[in-house]
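Each chain, letter by letter, is given below.
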Amino acid sequence: MDKIKNYIKENENRFLEELFGLIRIPSISSESAHKPDMIKAAEYWRDSILAAGADKAEVMPTDGNPIVYGEKIIDKSLPTVLVYGHYDVMPVDPIELWNTDPFEPVIKDGKIWARGADDDKGQAFMHAKALETMVKTGTLTCNVKFMLEGEEEIGSGSLSKWIEEYKDLVKADVILVSDTSMIAGDCPSITTGLRGLAYWEVEVTGPNADLHSGLFGGAVANPLNTLCEMVAGVMDKNNHITIPHFYDDVVECSDKERKMLNMAPYNEEEFKNSLDVKALRGEEGYTKIERVGIRPTFDLCGIWGGYTGEGSKTVLPSKAYAKISCRLVPNQDHEKIGKLFKEYFESIAPDYVTVNVKCLHGGQAYGCPIDVPAYKAAEKAFYDTYGKLPIPMRSGGSIPIISRFEQVLGIKSILMGFGLGSDAIHSPNENYRLDHFFKGIETIVAFYQHFVEKQSGV
């Protein structure tokens, strides 16, 4: 690995300046005014992949933002790694909370400060530099393909359709992704699972108009009260979800994986203090780490109705509303869960109200076994660069396109993230540690070397 480390060290300044060129493009996918910037960022990625040593790279149009595809094929008989990343970023608002210009990267305190520094320009760009490093040092051991989109922050709609059409083009043995985080700077981890999501809006209607709470209160049901009672009944005293058949498809983690998950450093008192809460609450029989990684949840995300303006108004509202979500675990289908909740919630409505449940959106969960060759290769790569085995970690968040990849392409994704919880992704003053950027390149190179060995059974 010495020549790998030496090459990275010798080119650190250039690597950063090339990354900064990408970061300076304000590729905000949710804002139509930045449509030209999306094209510019895609073209920058195309040129970067070609400069890294790819045989070809192109910007491919979609109904939305373009997909960048590139490849370096050294031998069709060898394994192929498909790299996924995204070049779009979140809006920068509120701009007044930024300490620097969000699209003019600044290095301070050993970190890059800018929008996209971590999510996902900094992390994805490590893969371009890893390819360059392997090509220039003659250490590339397998084929590499790139697939970069510009809509991850708004749902990956175009990519979901694109992979259906071009699944032969992106055929590979594994997908490699750096768009997640590590437990800590000195504690490497590999994300082995992402939770899915189901999301609804509920409308509860009582009387045909708002009523005087004095003249009608106590005789006519209050939809807000009823909605609260119904929502509260969806979870029992052990925080177990009461929707019939909700847990039918939940895949239980093995004792081995649960033990490994709980090896992650965690101090409950520090965690509670950081949130200013006196106690935690969750499903009985599971640790905090397990509750947010391997167990499904039910949450009331918003509730409204009646009078919420200044002062008081004694009113019994005609309608009450709520936004409700469930985080799902592998093997739970979000469409099935969406239907189960709708049927259950409408069925428990008392006669004095009517209930309408509208499914808004959702996505499937994703899980990767820790005994597949690609995971073992990633595990060994982290050991090479960090000197310790990574901890498998189930993320409580969701990246729906990852499960979509498996559905369409039939291959697993390995989530080798190098970000930290303190990187403030999606927030003002996003940042990414310089040592993680460079060590990430080194670790990715090591992954390729070990992947070929593990894939061939060595």
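So, a few notes on the structure that sits alongside this text. Predicted model only: the values in this text are computed from it and were never measured.

Each value, and the rule that gives it
- Residues numbered from 1 in each chain as written.
- Predicted model: local features only at pLDDT ≥ 70, side-chain atom pairs only at ≥ 80, totals over all residues.
- Heavy atoms only, no water.
- Pairing = 2+ DSSP bridges.
- Helix = DSSP H or I, 4+ residues; strand = E, 2+ residues; numbered from the N terminus.
- Axes fitted to C-alpha atoms, helices over the stretch in contact; angles between N-to-C directions.
- 1 Å grid on protein atoms, 1.4 Å probe; cavity = no way out; pocket = protein on both sides within 12 Å on 5 of 7 lines; lining within 4 Å.
- Points joined across faces, edges and corners; volume = space filled by probe spheres on them.
- Nonpolar A, V, L, I, M, F, W, Y, C, P; charged D, E, K, R; others polar.
- Contact = heavy atoms within 4.5 Å.
- Polar contact = N/O pair within 3.5 Å; in protein donor to acceptor, adjacent residues only side chain to side chain.
- Buried < 20%, exposed > 50% of the residue type's maximum accessible area, 1.4 Å probe, protein only.
- Patch = residues over 30% accessible without salt bridge, like charges linked within 9 Å, V, L, I, M, F, W, Y side chains within 5 Å.
- Areas by Shrake-Rupley, 256 points an atom, 1.4 Å probe, with all protein chains shown as cover.
- Salt bridge = Lys/Arg side-chain N within 4 Å of Asp/Glu carboxyl O.
- Lys, Arg positive; Asp, Glu negative; His and termini not counted.
- Core = buried A, V, L, I, M, F, W, Y, C linked by side-chain atoms within 4.5 Å.
- Phe/Tyr/Trp six-rings, centres within 6.5 Å; stacked < 30°, edge-to-face > 60°.
- Lys NZ or Arg CZ within 6 Å of the ring centre and 35° of its normal.

### Some thoughts on the sheet that holds strand 14 (residues 354–363)
Two modes of strand pairing occur in sheets, parallel and antiparallel, and in both the strands are linked by backbone hydrogen bonds.
So, step 1. Strand order in this open sheet of four strands is 11-13-9-14, and the pairing throughout is antiparallel. Every interior strand has two partners, whereas the edge strands, strand 11 (297–305) and strand 14, have only one. Taking the axes of each pair of neighbouring strands and ignoring which way they run, one obtains an average angle of 20° across the sheet.
So, step 2. In the sheet, strand 9 (residues 196–205) pairs with strand 13 (residues 319–328) via ten bridges, with the strands oriented antiparallel.

### As for the layout of surface pockets
So, step 1. Its boundaries defined by the atoms lining it, the second largest pocket holds a volume of some 610 Å³.
So, step 2. Around the second largest pocket, the lining is made up of 28 residues, and of these Met-235, Arg-281, Thr-297, Phe-298 and Asp-299 lie nearest the centre.
So, step 3. At the level of secondary structure, the elements contributing two or more residues to the lining of the second largest pocket comprise strand 9, helix 7 (223–232), helix 10 (288–291), strand 11 and strand 13.
So, step 4. With five residues, strand 11 is the single largest residue contributor to the lining of the second largest pocket.
So, step 5. Class assignment for the residues of the lining of the second largest pocket results in 14 nonpolar, five polar and nine charged.

### Considerations on the environment of Glu-71
So, step 1. Inspection of the secondary structure assignment puts Glu-71 in strand 2 (residues 67–72).
So, step 2. Filtering out sequence-adjacent residues up to four positions away, Glu-71 remains in contact with Ala-54, Asp-55, Lys-56, Val-144 and Lys-145.
So, step 3. At 2.5 Å, the side chain of Glu-71 and the side chain of Tyr-69 are in polar contact.

### Quick notes on the pairing of strand 6 (residues 143–149)
So, step 1. Most of strand 6 sits inside the fold, with seven of its seven residues counted as buried.
So, step 2. In strand 6, alternate side chains face the same way, and those of Asn-143, Lys-145, Met-147 and Glu-149 on one face and Val-144, Phe-146 and Leu-148 on the other are all buried.
So, step 3. Direction of pairing for strand 2 relative to strand 6: antiparallel, over a ladder of five bridges. For Tyr-69, the partnering residue across the bridge sits in strand 6 and is Met-147.

### Looking at the environment of Pro-244
So, step 1. Along the chain, the position of Pro-244 falls in the loop between helix 7 and helix 8 (255–261).
So, step 2. Here the alpha-carbon distance between Pro-244 and Glu-346, two residues 102 residues apart in the chain, equals 13 Å.
So, step 3. Excluding anything up to four places from it in sequence, Pro-244 contacts Leu-340 and Tyr-344.

### As for the sheet that holds strand 18 (residues 431–433)
So, step 1. Taken in spatial order, the three strands of this open sheet run 4-5-18, and their pairing is antiparallel. Two strands bound the open sheet, and with one partner strand each, they are strand 4 (106–108) and strand 18. Strand-to-strand twist in this sheet, taken as the mean axis angle between neighbours without regard to direction, amounts to 30°.
So, step 2. Relative to strand 5 (residues 111–113), strand 4 is paired through three bridges, and the arrangement is antiparallel. Looking at the pairing, Lys-108 lines up with Lys-111 of strand 5.
So, step 3. This element, helix 2 (residues 12–23), spans strand 4 and strand 5 of the sheet and lies at about 25° to strand 5.

### Examining a nonpolar patch on the surface
So, step 1. On the surface, Leu-215, Phe-216 and Val-220 cluster together into a nonpolar patch covering about 270 Å² of accessible area.
So, step 2. Mapped onto the elements of the fold, Phe-216 is located in helix 6 (residues 213–216).

### A few points about the pairing of strand 13
So, step 1. As defined by bridge partners, strand 11 adjoins strand 13 across eight bridges and the pair is classed as antiparallel. Residue pairing across strands places Ile-303 opposite Ala-322, the latter belonging to strand 13.

### Some remarks on the side chain of Asp-179
So, step 1. Position of Asp-179 relative to the elements: it lies in the loop between strand 7 (174–177) and strand 8 (189–194).
So, step 2. Of the side chains with opposite charge, Arg-115 comes closest to the buried, unpaired Asp-179, at an N-O distance of 12 Å.
So, step 3. A polar side-chain atom of Asp-179 sits 3.3 Å from a polar atom in the side chain of His-86.
So, step 4. Once residues lying within four places of it in the same chain are set aside, the contact partners of Asp-179 are His-86, Asp-119, Asp-120, Gln-123, Glu-152 and Ile-399.

### Considerations on the nonpolar core
So, step 1. Membership of the largest hydrophobic core comes to 90 residues, with the highest contact counts inside it found for Trp-45, Met-147, Ile-402, Phe-437, Phe-447 and Tyr-448.
So, step 2. Considering each element in turn, this core owes the most residues, eleven residues, to helix 14 (residues 434–455).
So, step 3. Excluding residues that lie within four positions of it along the chain, Tyr-448 makes contacts with Val-81, Val-83, Met-134, Thr-141, Cys-142, Val-144 and Leu-176.
So, step 4. In terms of nonpolar packing, the next biggest core, distinct from the first, is built from 29 residues, Ala-198, Ala-322, Phe-345 and Val-357 among them.

### Quick word on the pattern of salt bridges
So, step 1. Taken as a whole and judged by the stated rule, the model has 24 salt bridges.
So, step 2. Residue Glu-442 pairs with Lys-5 through a salt bridge whose shortest N-O separation is 3.9 Å. With Glu-442 in helix 14 and Lys-5 in helix 1 (residues 2–10), the pair connects residues that are 437 residues apart, well separated along the chain.
So, step 3. Look at Lys-5 and you get partly exposed, because its relative accessible area is 41%.
So, step 4. Sharing partners across several salt bridges, the network here consists of Arg-14, Glu-18, Lys-129 and Glu-132.

### Thoughts on the packing of aromatic side chains
So, step 1. Taken as a whole and assessed by the stated rule, the structure comprises 15 aromatic pairs.
So, step 2. Between Phe-298 and Phe-341 the ring centres are 6.0 Å apart and the planes differ by 45°, which places this aromatic pair in the tilted class. Of the two residues, Phe-298 is situated in strand 11 and Phe-341 in helix 11 (residues 334–347); the sequence distance between them amounts to 43 residues. As far as burial versus exposure is concerned, Phe-298 and Phe-341 are alike and both buried.
So, step 3. Summarising the aromatic geometry, the rings of Phe-382 and Phe-418 are spaced 5.4 Å apart at their centres and angled 35° between planes, so their arrangement reads as tilted. Residue Phe-382 is found in helix 12 (residues 373–386), and its partner Phe-418 is found in the loop between strand 17 (413–415) and strand 18; the two are separated by 36 residues along the sequence.
So, step 4. Accessibility expressed as a relative area gives 0% for Phe-382, which makes it buried.
So, step 5. Since its relative accessible area comes to 0%, Phe-418 is described here as buried.
So, step 6. Ring pairing ties together the aromatic residues Trp-200, Phe-298, Phe-341 and Phe-345, which thus form one cluster.
So, step 7. The cationic tip of Lys-288 hangs over the ring face of Phe-271; the distance from NZ or CZ to the ring centre is 4.4 Å.

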